[in-house]
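Residue strings, one per chain:
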Amino acid sequence: MDKSSALEYINQMFPTEASLSGVEPLMQKIQNEIRLVDAGILAAVRQQSNSGNKAKEDLAAATHAVQELMYKIREIKTKAEQSETMVQEICRDIKKLDFAKKHITLTITALHRLTMLVSAVEQLQVMASKRQYKEAAAQLEAVNQLCSHFEAYRDTPKITELREKFKNIKLVLKSHVFSDFSSLGTGKESEENNLLEQLSDACLVVDALEPSVREDLVKSFCSRELTSYQQIFEGAELAKLDKTERRYAWIKRRLRTNEEIWKIFPPHWHVPYLLCIQFCKLTRTQLVEILNNLKEKPDVGTLLLALQRTLEFEEELAEKFGAGTRSTERSGDEEENDKAENNNRIVSDIRKKYEKKLAANQEANSEVKDGSKDSLATGAGFNFRGIISSCFEPHLTIYVELEEKTLMENLEKLVQEETWDTEEGSQTNILSSSMQVFLIIRRSLKRCSALTKNQTLFNLLKVFQKILKTYAAKLYARLPKGGSGIVAAATGMDGQIKTSDRDERVICYIVNTAEYCHKTSEELAENVSKIIDSQLADAVDMSEVQDEFSAVITKALMTLVHGIESKFDAEMANMARIPWATLEGVGDQSEYVNGINKILTSSVPVLGTLLSPIYFQYFLDKLASSLAPRFYLNIFKCKQISETGAQQMLLDTQAVKTILLDIPSLGKQATSAANYSKFVSREMSKAEALLKVILSPIDSVGDTYRALLPEGTPSEFQRILDLKGLKKADQQTIMDDFNKHGTGKMQSPIAPQAVTPTPFSPPVLTNTPSIIGIASREDVLTRAAALGRGAATTGFKRFLALTEAAKDRKDGPFRKLFNP
């Protein structure tokens, strides 16, 4: 135990002095325990010593046993090696006998196969000379198998001789087969009934020969079949574009006529398939030559008819030979025929067919390189679609030009027939001409996609862009324009836009129509990018068209704002003509305020119904940013404003502010009016602050102006003094004092901030500079607030009650307003 524990133990055993008498017995007890522990330790040490000696003896015995085991293992290994040597000596002679037997067996087998090979070659030679194709085909298979066993003996003279002889026999068979097939298609097969059977057997021989023999035979046969076609359609009579359909009729008739004869060919040869490939290549070459040699542009009807027949023929081949699945869908509704008049009857008929024809899901057109090796299997991925029709692509410019002309004529007609009004009961509020424009574009797109999905479709997309830009220009031109000319300049109306109620509705229709065109143009681009060739899909873009319609929307909304602004001109003039300097008392709001209210209540509900929320909000922002500052500036156009006139004008200002704040509710789109209300309250508070400055006493007008309009200018302050009707001498004194204090007082960029947009609530000013002069900062603000509340009433009696109550007080800020 540690010291602390020992001390605690002793204190516990002997807590008092009297208990010390037990020390001796305790010491004896502890010594006895020590002796017992020492005896136990000694016994354990002796026992451990005896165990160590025994362990050493056991280890020595184990080591001896391991040595004996190793000796026995070495003895067993030696005996095993001796046994193996004995077995090898016994089996040595047996191995020699086995190798000898194996060699003899191989030799006998080789000699037997050689005998069979010699015999088979001789028999094959006889069969070849007698044109016994069926037997020769089986014999060829046998000889080929036998020859494969002698690949290791190629350098042996006898084997070399046999292989050379076999090669010559195959050449003879090939020559006989080609000679016999040369009579096929000449009419000779009808005279000899067994010729077709013989040629069928010859096909077995061709399959037994090298694959190149079959390719050469099929290619030779196809070339011979197309010789007459080449001679017929290279002549002056049929080598014309309008005879294209007869080409396809010829090959289809040929396939149908010789169907029974060509059954001699094994199905896996795909002779009709390869013949059609050769035909398509040859036809493409001839059509390219015809198109390139045309002295004048081809007739559109002839060109489109030839292209249509070519596409139909390619689709039939693709369907017949399994190169793709033809779309069997057909349009569920018969579209209306194009309204455009066209003197060319053929073109009109073709267009009608294209409107009813849904474009197939064509794969990418790929031109087949000359000299490329034809595949003999239909599953090799050869695509008939576009193999011939792609040669028309460079010559379809005239088709695009015709489409452009037709679309432009239709557009002009639609714009001329446009009533610039929506149909009764319509919920879209867009012009019908816009939907008709995209309808004719969709029809044109379907016509073109049925013909091609390559560069021509991309060129047509550019035509669509041109048409839509033209339509955007038509919408732009329909917007009301400002006055111009000598009369307008003389009357001050130059560039000013005047709009009637119908004009405002038309402008809203134009905005909605431009928005519809903007959205539909993007959808048009997406549809074109899905069907056009993948290499051109990334170049499909209608952003320029969308920008045009966005510009129309912006211009239309600004025109709408300017048109309503022009309606306020008469009311602003009426406001300036009121004799503010001679008003005898403050009454209800002025007539010009009623005029402003009438203008807005007659126009805004209609606009709110016709415009979408986002564009109505844009209209509100522009109207507020125009009307509120205009009202502020119009105050300076008044000649002179007395205190009573300023109170009346302050009341009118609050009324105009209320009218402006109620515009969103008039348009039934109050959900987007939060920011608008803040803006109106902020802008109209400037007019209220200006009128409060006019109402302030002469000795504190400078301080009030700096407090309420910290961003004001000395020239504007000079104009305020003119409105108050001060003489030039008095103005000079006030201006000198204003300029003296103006350097430090007009720097604050912090304008008054209205904390609530509710009508008639005066703005609460913060962070305004302290005023050095007659009145303290609190006095100025109190006066301004009192003036604002005095003008907030709509009754003259309430205003008088407020002023009389302020005059009756002997002290306080309100008293200073009347006795400065």
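Cut-offs used in this document
- Residues numbered from 1 in each chain as written.
- Predicted model: local features only at pLDDT ≥ 70, side-chain atom pairs only at ≥ 80, totals over all residues.
- Heavy atoms only, no water.
- UniProt positions renumbered as here; feature names shortened; annotations may be inferred.
- Helix = DSSP H or I, 4+ residues; strand = E, 2+ residues; numbered from the N terminus.
- Contact = heavy atoms within 4.5 Å.
- Patch = residues over 30% accessible without salt bridge, like charges linked within 9 Å, V, L, I, M, F, W, Y side chains within 5 Å.
- Areas by Shrake-Rupley, 256 points an atom, 1.4 Å probe, with all protein chains shown as cover.
- Salt bridge = Lys/Arg side-chain N within 4 Å of Asp/Glu carboxyl O.
- Buried < 20%, exposed > 50% of the residue type's maximum accessible area, 1.4 Å probe, protein only.
- Axes fitted to C-alpha atoms, helices over the stretch in contact; angles between N-to-C directions.
- Left-handed = near helix turned anticlockwise from the far one by under 90°.
- Nonpolar A, V, L, I, M, F, W, Y, C, P; charged D, E, K, R; others polar.
- pLDDT = per-residue confidence, 0-100.
- Phe/Tyr/Trp six-rings, centres within 6.5 Å; stacked < 30°, edge-to-face > 60°.

- The protein is annotated in an unreviewed UniProt entry as Vps53 N-terminal domain-containing protein from Kalanchoe fedtschenkoi.
- UniProt annotates the protein under Sequence similarities (unreviewed entry) with the comment "Belongs to the VPS53 family."

## Concerning the environment of valine 218
Then comes step 1: Checked against the element boundaries, valine 218 lands in helix α6 (residues 211–225).
Then comes step 2: Sequence separation of valine 218 and leucine 274 is 56 residues, and the distance between their C-alpha atoms is 8.0 Å.
Then comes step 3: Look past the residues within four positions of valine 218 in its chain and what remains in contact with it is Trp269, Val271 and Leu274.

## Remarks on a nonpolar patch on the surface
Then comes step 1: A cluster of nonpolar side chains, namely Tyr9, Ile10 and Met13, defines an oily patch on the protein surface of about 260 Å² accessible area.
Then comes step 2: Structurally, the position occupied by tyrosine 9 is in helix α1 (residues 3–13).
Then comes step 3: Judged by relative accessible area, which is 37%, tyrosine 9 ranks as partly exposed.

## Notes on the packing of helix α10 (residues 300–320) against helix α12 (residues 397–417)
Then comes step 1: At a minimum axis separation of 10 Å, α10 and α12 run at an interaxial angle of 115 degrees. Handedness of the crossing formed by α10 with α12: left-handed. Along the contact surface, α10 presents Val300, Leu303 and Leu304, while α12 presents Ile398, Tyr399 and Leu402.
Then comes step 2: Across the contact of α10 with α12, the residue classes break down as 6 nonpolar, no polar and no charged.

## Some details on the pattern of salt bridges
Where charged atoms of side chains with opposite charge meet at close range, the side chains can pair.
Then comes step 1: For the structure shown, the criterion picks out 19 salt bridges.
Then comes step 2: The partner of glutamate 210 in a salt bridge is lysine 170, and the shortest N-O contact between them spans 2.7 Å. Highlighted residues: glutamate 210 in the loop between α5 (193–208) and α6 and lysine 170 in helix α4 (residues 157–181), separated in sequence by 40 residues.
Then comes step 3: Residue classification places lysine 170 among the buried positions, given a relative accessible area of 16%.
Then comes step 4: Ionic pairing is found between arginine 309 and glutamate 312, a salt bridge with its closest N-O pair at 3.6 Å.

## Description of the confidence of the model for the protein
Then comes step 1: Of the residues in the protein, 78% reach a pLDDT of 70 or more, and the chain-wide mean stands at 76.
Then comes step 2: Note that residues 324–380 has pLDDT below 50 and, in this model, 94 contacts with residues that lie over four places away or in other chains.
Then comes step 3: With pLDDT under 50 throughout, residues 743–777 is counted as low confidence; its partners more than four residues away or in other chains account for 68 contacts.

## Points about the packing of aromatic side chains
Then comes step 1: Summed over all chains, the structure comprises 18 aromatic pairs.
Then comes step 2: Both rings, one in tyrosine 248 and one in phenylalanine 279, keep their centres 6.5 Å apart while their planes meet at 75 degrees; by these two values the pair is edge-to-face. Within this pair, whereas tyrosine 248 is found in helix α8 (residues 244–257), its partner phenylalanine 279 is found in helix α9 (residues 271–292), the two being separated by 31 residues in sequence.
Then comes step 3: For phenylalanine 279, a relative accessible area of 0% gives the class buried.
Then comes step 4: Consider the rings of tyrosine 273 and phenylalanine 321, whose centres lie 5.3 Å apart with planes at 65 degrees: the pair is edge-to-face. In this pair, tyrosine 273 is assigned in helix α9 and phenylalanine 321 in the loop between α10 and α11 (345–356), connecting sequence segments 48 residues apart. No difference in accessibility class separates tyrosine 273 from phenylalanine 321, as the two residues are buried.
Then comes step 5: Taken together through their ring pairs, the aromatic side chains of Tyr229, Phe233, Tyr248, Trp250, Phe279 and Phe313 make up a single cluster.

## Examining the environment of leucine 695
Then comes step 1: Within the secondary structure, leucine 695 sits in helix α24 (residues 674–695).
Then comes step 2: Here leucine 695 falls in the buried class, since its relative accessible area comes to 8%.
Then comes step 3: Sequence separation between leucine 695 and leucine 650 is 45 residues; the distance between their C-alpha atoms is 9.6 Å.

## A few points about unusual backbone geometry
Then comes step 1: Here histidine 270, not a glycine, exhibits a phi torsion of approximately 55 degrees, which is positive.
Then comes step 2: In this fold, histidine 270 is placed in the loop between α8 and α9.
Then comes step 3: A positive phi angle, close to 55 degrees, is found at tryptophan 420, a residue other than glycine.
Then comes step 4: With respect to the secondary-structure elements, tryptophan 420 resides in the loop between α12 and α13 (432–451).
Then comes step 5: Taking the relative accessible area as the measure of exposure, tryptophan 420 reaches 12% and is therefore buried.

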